[in-house]
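If you want the building blocks of each chain, they are given just below.
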Amino acid sequence: MAVDADFSSLPPDLFDTTTIISLLFTVVIVVAAYAVSRVVLSPSTSTSLRFLFIWHLADALCHFLLEGSFLYHCFFSYIVPAEVGGGVVPDVAGLYPTPYNFLGHEDRRIYGPQAGGSNPFAQLWMVYARADRRWAGADLGVICLELLTVFFDGPLAVFICYLIANNNPKASVWMIVLATCELYGGFMTFCPEWLTGNINLDGSNFMYMWVYLVFFNMLWVFIPLYAIWHSFNDICHAFAVRAAKKNL
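Throughout what follows, the structure given in this document is the object of discussion.

Reading guide: rules and limits
- Per chain, the residues get numbers from 1 upward, laid out in the order the sequence is written.
- Two thresholds apply to this predicted model, a pLDDT of at least 70 for residue-level local features and 80 or more for giving and counting side-chain atom pairs, whereas whole-chain, interface and lining totals are computed over all residues.
- Hydrogens and water are ignored here; the side-chain numbers use all heavy atoms of the structure.
- Per the convention used, a helix needs a DSSP run of H or I reaching at least four residues, while a strand needs a run of E reaching at least two, with both numbered from the N terminus.
- For this analysis, residues touch if any pair of their heavy atoms sits within 4.5 Å.
- When accessible area is computed with a 1.4 Å probe and restricted to protein chains, residues below 20% of their type maximum are described as buried, those above 50% as exposed, and intermediate ones as partly exposed.
- A positive count includes Lys and Arg, and a negative count includes Asp and Glu. His and the chain ends are not counted in either.
- The term salt bridge refers to a pairing of a side-chain nitrogen on Lys or Arg with a carboxyl oxygen on Asp or Glu at a separation within 4 Å.
- Axis lines are fitted to C-alpha atoms, over the contacting stretch for helices. Their N-to-C directions set the angle, which ranges from 0 to 180 degrees.
- An angle below 35 degrees is treated as roughly parallel, one above 145 as roughly antiparallel, one from 65 to 115 as roughly perpendicular, and anything else as oblique.
- Each crossing is labelled by how the near helix is turned from the far one, with a counterclockwise turn of less than a right angle marking it left-handed and a clockwise turn marking it right-handed.
- For this scheme, ten residues count as nonpolar: Ala, Val, Leu, Ile, Met, Phe, Trp, Tyr, Cys and Pro. Four count as charged, namely Asp, Glu, Lys and Arg, and the remainder, Gly too, count as polar.
- In this scheme Phe, Tyr and Trp rings, the latter by its six-membered ring, pair at centre separations within 6.5 Å, and the angle between planes marks the pair as stacked below 30 degrees, edge-to-face above 60, and tilted otherwise.
- Expected helix span is given by 1.5 Å per residue-to-residue step, counting one fewer step than there are residues.
- Note on bend: at a given residue it equals the angle between the axes fitted to the 7 residues ending there and to the 7 starting there.

**Observations concerning the side chain of Glu 193**
Stage number 1. Along the chain, the position of Glu 193 falls in helix H5 (residues 170-195).
Stage number 2. Not counting chain neighbours up to four residues away, the residues in contact with Glu 193 comprise Arg 134, Asn 198, Ile 199, Asn 200 and Leu 201.

Put into structure tokens, the structure is as follows:
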């Protein structure tokens, strides 16, 4: 039986070149992390630890390359509407507003990837901003979280990879720390939207709702939970071994 599908309401840029390149870039990050794991990990490394190594390296690359580029555009890419069109302020209704006095400027500057022009990373974030428009501009809550993500979570993820590669049991402790940070960051990213009726979110089609908002964000929920579970069991096993030695 034939099923008629109405695609007329879908955005025309749903699968444009920028979107495809952006999605492929995330695949490249995972492939690169896997390739590094093949080089630095011992063949005897367990499947779970190999997976966690790949995850943490891909996590670090995402934080440095993707979220790092977001912060760059939030701090250094801007337009001044009053300087466009011979001093005539253009219509900025479609842009995400920048908070008053951001970085000490009072000249109506508009920051964020939306001001990044043809920069590839700005275009990447503008793709994601179709589903969550906060990532188009300089949202203070998002920026504060991303500062911690880039400058704390990223280096910590690299450190965890170093510990795993060297078979250092301290990796379990630090994985719990990082996973807790990731879970807290995810909650603080979306809780403001839940409390205000998701005014900045667009889940009107499968791509925006289930790929951008659910899939890409839930990765940073379920995998950190798995990291906590794995590390908790590893630490409990270590205590059990120590207790057994005391009873000998």
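Back to the write-up after that little detour.
**Considering the side chain of Asp 153**
Stage number 1. Mapped onto the secondary structure, Asp 153 falls in helix H4 (residues 140-165).
Stage number 2. One buried charged residue, Asp 153, forms no salt bridge at all, with the nearest opposite charge on Arg 134 at 16 Å.

**Description of the packing of H5 against helix H6 (residues 206-246)**
Stage number 1. The interhelical angle for the contact between H5 and H6, taken along N-to-C directions, is 150°, at an axis separation of 8 Å. In this view, H5 runs roughly antiparallel relative to H6, as classed from their interaxial angle. For the pair H5 and H6, the crossing hand works out as left-handed.
Stage number 2. Residues of the contact of H5 with H6, tallied by class, amount to 15 nonpolar, five polar and two charged.

**Looking at the packing of aromatic side chains**
Where two aromatic rings form a pair, the distance of their centres and the angle of their planes describe that pair.
Stage number 1. Under the counting rule described, the total for this entry stands at 18 aromatic pairs.
Stage number 2. Geometrically, the ring pair formed by Tyr 72 and Phe 76 is tilted, given 5.2 Å between the ring centres and 35° between the ring planes. Here the residue Tyr 72 and the residue Phe 76 both occupy positions in helix H2 (residues 47-76), the gap between them amounting to four residues, near one helical turn.
Stage number 3. Residue Phe 76 is classed as exposed on the basis of its relative accessible area of 57%.
Stage number 4. Judged by centre distance (6.4 Å) and plane angle (20°), the rings of Trp 125 and Trp 135 are stacked. You can see Trp 125 sitting in helix H3 (residues 120-128) and its partner Trp 135 sitting in the loop between H3 and H4, a full 10 residues away along the chain. Neither residue differs from the other here; Trp 125 and Trp 135 are each classed as buried.
Stage number 5. Three or more aromatic residues joined by ring pairs make a cluster, and in this case those are Phe 70, Trp 125, Tyr 128, Trp 135, Tyr 208 and Tyr 212.

**Points about H2**
Stage number 1. Along its 30 residues, H2 runs 42 Å from first to last C-alpha, staying within 8% of the 44 Å computed at 1.5 Å per residue.
Stage number 2. In H2, a bend of some 30° at Gly 68 exceeds every other bend along the element.

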